[in-house]
Amino acid sequence: MALYYRDDTMQVTSESIRAGGHVIPIAEVTYVWHTKGRTTLAVRGRVLGRGVLVLLLSLPPLIGLVCVLSLAWSAQDRGEWLPALTVLAACVIIPLALVPFLEIPLGWLDRSYERGNRVQELWVQYRQQEVLVLRTPDALRFGQIYRAVQRAVEQGENW
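Residues numbered from 1 in each chain as written. Predicted model: local features only at pLDDT ≥ 70, side-chain atom pairs only at ≥ 80, totals over all residues. Heavy atoms only, no water.

Undergrad: So what exactly am I meant to see when it comes to the nonpolar core here?
TA: It is characteristic of soluble globular proteins that their nonpolar side chains tend to be buried jointly. The biggest cluster of nonpolar side chains holds 22 residues, and the ones touching the most others in it are Ile17, Leu122, Val124, Val133 and Val149. Put simply, the parts of the chain that give this core at least two residues each are strand 2 (10-13), strand 3 (16-19), strand 5 (29-36), strand 6 (120-126), strand 7 (129-136) and helix 4 (139-158). Of all the elements, helix 4 adds the most residues to this core, at seven residues. (Core = buried A, V, L, I, M, F, W, Y, C linked by side-chain atoms within 4.5 Å. Buried < 20%, exposed > 50% of the residue type's maximum accessible area, 1.4 Å probe, protein only. Helix = DSSP H or I, 4+ residues; strand = E, 2+ residues; numbered from the N terminus.)

As C-alpha cells, then:
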C-alpha cells in the first residue's frame, strides 16, 4: 500500500480515500474532478486583507515621492539646497535600512496567495454516485490532495 497524502482529516492511499468518516475504495472510483465552490466569508476576508496589505505597502513610497518632489520644488524657489539634500539623503538611507523588516508583511502576502482566493471542491464518482470528498478554501492543501487522488486513481488503473 502506497501513502499519497495524509493529514488530520484526510488520507489518500493506493487502496482508499478516507475523508470525513467515509472510506472510498480507489478500485471503485471511476472519475475525479474539481469545481469552484461558493465563496465563504473567510475567503472574502483574506482577499480584503490582501488588498489592504498591498495598499499599506504601496502608500509610504508614494507619499515619500510626493514629499521629496515638494521639498525639491520649495528648495528651488528659496535657493536653500543643503536642508533639501539632507532630507533627501535621509529619505533614501532610512528606507534602505528598513528593507529587511519588509520580510514579515511580504511573507503574509505570499501565504495569502498560497491559500488562494476561492473555495475548491474535490468530487469523485464511485458506485454510480457523485461524492464530495473535500471542500476547502486552502488552495495549497487542495492541490496536494487533488494530485494525490489523481495519482492513486492512475496507479489503480495500471494494476
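Undergrad: When you look at the sheet that holds strand 6 in this model, what are you seeing that I'm missing?
TA: One key point about sheets: their strands pair by backbone hydrogen bonds, in either a parallel or an antiparallel sense. In space, the three strands of this open sheet follow the order 5-6-7, with antiparallel pairing throughout. The open sheet is flanked by strand 5 and strand 7, the only strands paired with a single partner. This sheet shows a mean twist of 20 degrees between the axes of neighbouring strands, independent of strand direction. Across seven bridges, strand 6 lies against strand 7 in antiparallel orientation. Bridge pairing in strand 7 places valine 124 opposite valine 131. (Pairing = 2+ DSSP bridges. Axes fitted to C-alpha atoms, helices over the stretch in contact; angles between N-to-C directions.)

Undergrad: Before we go on, may I ask you to explain the pairing of strand 2 in this structure?
TA: Successive residues of a regular strand alternate their side chains across the two faces of the sheet. Relative to strand 2, strand 1 (residues 3-6) runs antiparallel, the two being bridged by three bridges. Opposite arginine 6, over in strand 2, you have glutamine 11 as the bridge partner. Connecting strand 1 to the antiparallel partner strand 2 that follows it, the hairpin turn spans three residues. Bridge count for strand 2 against strand 3 is three bridges, and the pairing is antiparallel. When the bridges of strand 3 are listed, valine 12 appears paired with isoleucine 17. With antiparallel pairing between neighbouring strands as the criterion, strand 2 and strand 3 make up a hairpin whose turn holds two residues.

Undergrad: Honestly, the packing of aromatic side chains in this entry has me stumped. Any pointers?
TA: For the structure on display, the rule yields three aromatic pairs. Note on tryptophan 33 and tryptophan 123: the rings are 6.2 Å apart at their centroids and 10 degrees apart in plane angle, and the pair reads as stacked. Here tryptophan 33 is found in strand 5, whereas its partner tryptophan 123 is found in strand 6, with 90 residues between them in sequence. Under the relative-accessibility criterion, tryptophan 33 is labelled buried at 17%. Under the relative-accessibility criterion, tryptophan 123 is labelled partly exposed at 22%. Among the aromatic residues, those joined into a cluster by ring pairs are Tyr31, Trp33 and Trp123. (Phe/Tyr/Trp six-rings, centres within 6.5 Å; stacked < 30°, edge-to-face > 60°.)

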